[in-house]
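# Breakdown of the fold
Chain by chain, the residues:
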Amino acid sequence: MTVATTLATDVRDLLHDLGVPRDRFSQGSRVVRSPLTGEIVAHVQDAGRADVEKAVTQAKTAFLEWRSVPAPKRGELVRVLGEELRRAKTSLGRLVTIEAGKIPSEGEGEVQEMIDICDFAVGLSRQLYGLTIASERPNHRMMEQWHPLGPVGVITSFNFPVAVWSWNAALAFVCGNPVIWKPSEKTPLTALAVQVLFERAAAKVGRVPHGLSTVLIGDRDVGEVLVDDPRVPLVSATGSTAMGRMVGPRLAQRFARSILELGGNNASIVCPSADLDLALRAISFAAIGTAGQRCTSLRRLFIHDTVYDELVVRLQQVYGSVRIGNPLANDGVLAGPLIDGDAFERMQNVLLEAQKLGGEVYGGERVDDDKYPSAYYVRPALVEMPAQIGPMLRETFAPILYVMKYSDFDVALALHNDVPQGLSSSIFSNDVREVEKFLSVSGSDCGIANANIGPSGAEIGGAFGGEKETGGGREAGSDAWKAYMRRVTSTINFGHELPLAQGVRFDVG
Ligand code: UN1
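Residues numbered from 1 in each chain as written. Predicted model: local features only at pLDDT ≥ 70, side-chain atom pairs only at ≥ 80, totals over all residues. Heavy atoms only, no water.

## Concerning the overall build of the protein chain
Defined as follows: Where helices and strands are cited, they refer to DSSP runs of H or I of at least four residues and of E of at least two residues respectively, numbered from the N terminus. Computation of the radius of gyration draws on C-alpha atoms, with the globule rule given as 2.2 Å multiplied by the number of residues to the power 0.38. The buried label applies to any residue whose accessible area, calculated with a 1.4 Å probe on protein chains only, is under 20% of its type's maximum; exposed applies above 50%, and partly exposed to all values in between. Whether two residues touch is decided by their heavy atoms; if any such pair falls within 4.5 Å, the residues are in contact. Where accessible areas are quoted, they stem from the Shrake-Rupley method and a 1.4 Å probe; at the residue level, only the protein chains shown are allowed to cover. Here the positive residues are Lys and Arg and the negative ones are Asp and Glu; neither His nor the chain ends is included. For charged residues, the charge sits on one atom: NZ in Lys, CZ in Arg, CG in Asp, CD in Glu.
Each helix and strand counted, the protein chain has 14 helices and 23 strands in total. Since a compact globule built from 509 residues should have a radius of gyration of about 23 Å, the 25 Å found for the protein chain is in line with a globular shape. Each principal axis of the C-alpha atoms in the protein chain carries an extent, and together these give about 85 × 60 × 35 Å. Every one of the 509 residues in the protein chain was classed for burial, and the buried ones make up 55%. In the protein chain, the proportion of contacts linking residues at least 24 apart, taken out of those at least 6 apart, comes to 75%. Accessible area for the protein chain stands at about 21300 Å²; split by element, carbon and sulfur atoms hold 51% of it. Between the centroid of the 52 positive side chains of the protein chain and the centroid of its 60 negative side chains there is a distance of 7 Å.

Right, dumping it as structure tokens:
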């Protein structure tokens, strides 16, 4: 595995390969650090209020042009963007690793997720179907049309710095909308790179209006301008529940739409008939992968008492031996760093809190701090809890897995649902009754419910999102595209009479 002299050099070379002009990452007051080492890798310029204003104005103009381009032609842009992403997969994946700290396989996996949603959206560009509806009146036809909506604001988080943009953007573009993107201030470089790939695709396709895609680097004030601008009819925001509490009501206030992807607190139930080898692998990936920094990460585990001791011992073996560290400097690493020192502090405080409440903590300590004093690598933590209390009810963006024993399936199911969040969930069982119950109306109350796989690592083909404090939004596959369009119901009278609906009589002559 090659390690450049410094990550800054590596970043410079990658951005150069990707075609990002040097001045976009070598000047500006915002310092970009890599969580792999804590070192400064670039400087970028924040967008000012005037830049945001300009982006929205241009997006509005671009919308007027783009909405009239036939949808399959709009799909052509997304098809070429998918090709650019395929070409850039290795470089962009490595940049994700450097900027967000993911292991290379997950960094490239994120780019693959972008490619997948582009393919999905290209097909969709010929399938933006509306219904034909039987009219109750003679010689009338009713139909439903889906029209472009307008500029879409997209606010994304550091943990999926580029894939979440693509879930929104690929759909928005084929649906006829421009996109204004505020990436996490912790991961601006990958966003700048994606914007360059978009610009290249647009140039190849030709006649793509200026301002169809813009990136605005900055703090929350940039996002707030998008949230409050009446020219932006939809904002899709990924982040904490606290962020959603701020964004949701402000959008509702001006009757704009929102797609909210907020905190998750995902659980799995391991039943007596579970395949424990399979469950062990699935649990390990879901709880330790991405250093527990996915919104779909597994955070709570309910294990039946007949298999509890065996599974916990096996999990402890995994937790004790899993390779943690800088994934660019060591082979075989499965857990990279936390994003920053604040995340580390929060994790340690939560572990202390759990301990005070009777939790037995295994792991959780900092590692490699001698090698990287400014980076935050931790051993993932397994916490045996006496009850579902305290931090178990909250989302902590760190590799902490709370474990509890159960003996009655219905009690486990009730505990499973008894948290404020409702993103993803899973069951490990070979008993068809348990599996079907878990997936049924009286089972998991989450937006995603899986059987014999973990709660994370969803494919783009399904609608992604969750209930309760997770915010209710849906992105990516299935019919999530409808949120990016305006539905028109039209009734056409092709007769000579004017029968009124509901048999109402209104004879004026
Ligand atoms: C997120 O963590 O915000 O299902 C998104 C998954 C990924 C997406 C996670 N496909 O884990």
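## Remarks on the sheet that holds strand 6 (residues 179–182)
Note the threshold: Two strands are counted as paired when DSSP detects at least two bridges linking them. In this analysis an axis means a line fitted to C-alpha atoms, helices contributing only their contacting stretch, and an angle means the value between N-to-C directions, from 0 to 180 degrees.
Taken together, five strands build an open sheet; the order of strands is 7-6-5-8-9 and the sheet is parallel. The open sheet is flanked by strand 7 (213–215) and strand 9 (257–261), the only strands paired with a single partner. Across the sheet, the mean angle separating the axes of adjacent strands is 15° when strand polarity is ignored. Note that strand 5 (residues 152–155) and strand 6 share four bridges and pair parallel. Bridging from a neighbouring strand, isoleucine 155 pairs with lysine 182 of strand 6.

## What to know about the site of the ligand
Our working rule: In these notes, residues near a molecule or strand are those with any non-hydrogen atom within 4 Å of it. By the criterion applied in these results, polar contacts are pairs of N or O atoms within 3.5 Å in which, for protein atoms, one can donate a hydrogen and the other can accept it, and in which residues neighboring in sequence qualify only through two side-chain atoms. Gly is put with the polar residues, along with every residue not named as nonpolar or charged; the nonpolar set is Ala, Val, Leu, Ile, Met, Phe, Trp, Tyr, Cys and Pro, and the charged set is Asp, Glu, Lys and Arg. Each domain's extent is set by a domain assignment, obtained either automatically or from a database.
Lining the immediate environment of the ligand, one finds Glu113, Asn159, Phe160, Trp167, Arg294, Cys295, Thr296, Ser456, Gly457, Ala458 and Phe464. At a separation of 2.8 Å, an oxygen atom of the ligand approaches a polar side-chain atom of arginine 294. Bound to the protein, the ligand loses 98% of the 320 Å² it would expose on its own. Considered class by class, the residues forming the shell around the ligand number five nonpolar, four polar and two charged. Both domains that meet at the shell around the ligand, namely domain 1 (48–262 + 471–488) and domain 2 (266–463), each give it at least three residues.

## Quick notes on the pattern of salt bridges
To keep it simple, the criterion reads: A carboxyl oxygen of Asp or Glu within 4 Å of a side-chain nitrogen of Lys or Arg is what we treat as a salt bridge.
What the rule picks out here adds up to 31 salt bridges. The partner of arginine 24 in a salt bridge is glutamate 199, and the shortest N-O contact between them spans 3.7 Å. Note that arginine 24 is positioned in helix 2 (residues 23–26) and glutamate 199 in helix 7 (residues 188–205), a separation of 175 residues in sequence. Arginine 394 is the salt-bridge partner of glutamate 353, the closest N and O atoms lying 2.8 Å from each other. Placement of glutamate 353 in helix 12 (residues 341–356) and of arginine 394 in the loop between strand 15 (381–384) and strand 16 (400–406) is noted, with a sequence separation of 41 residues between them. The exposure class assigned to glutamate 353 is partly exposed, which follows from its relative accessible area of 29%. For arginine 394, a relative accessible area of 37% puts it in the partly exposed group. Residues participating in the shared-partner salt-bridge network are Glu84, Arg87, Arg200 and Lys204.

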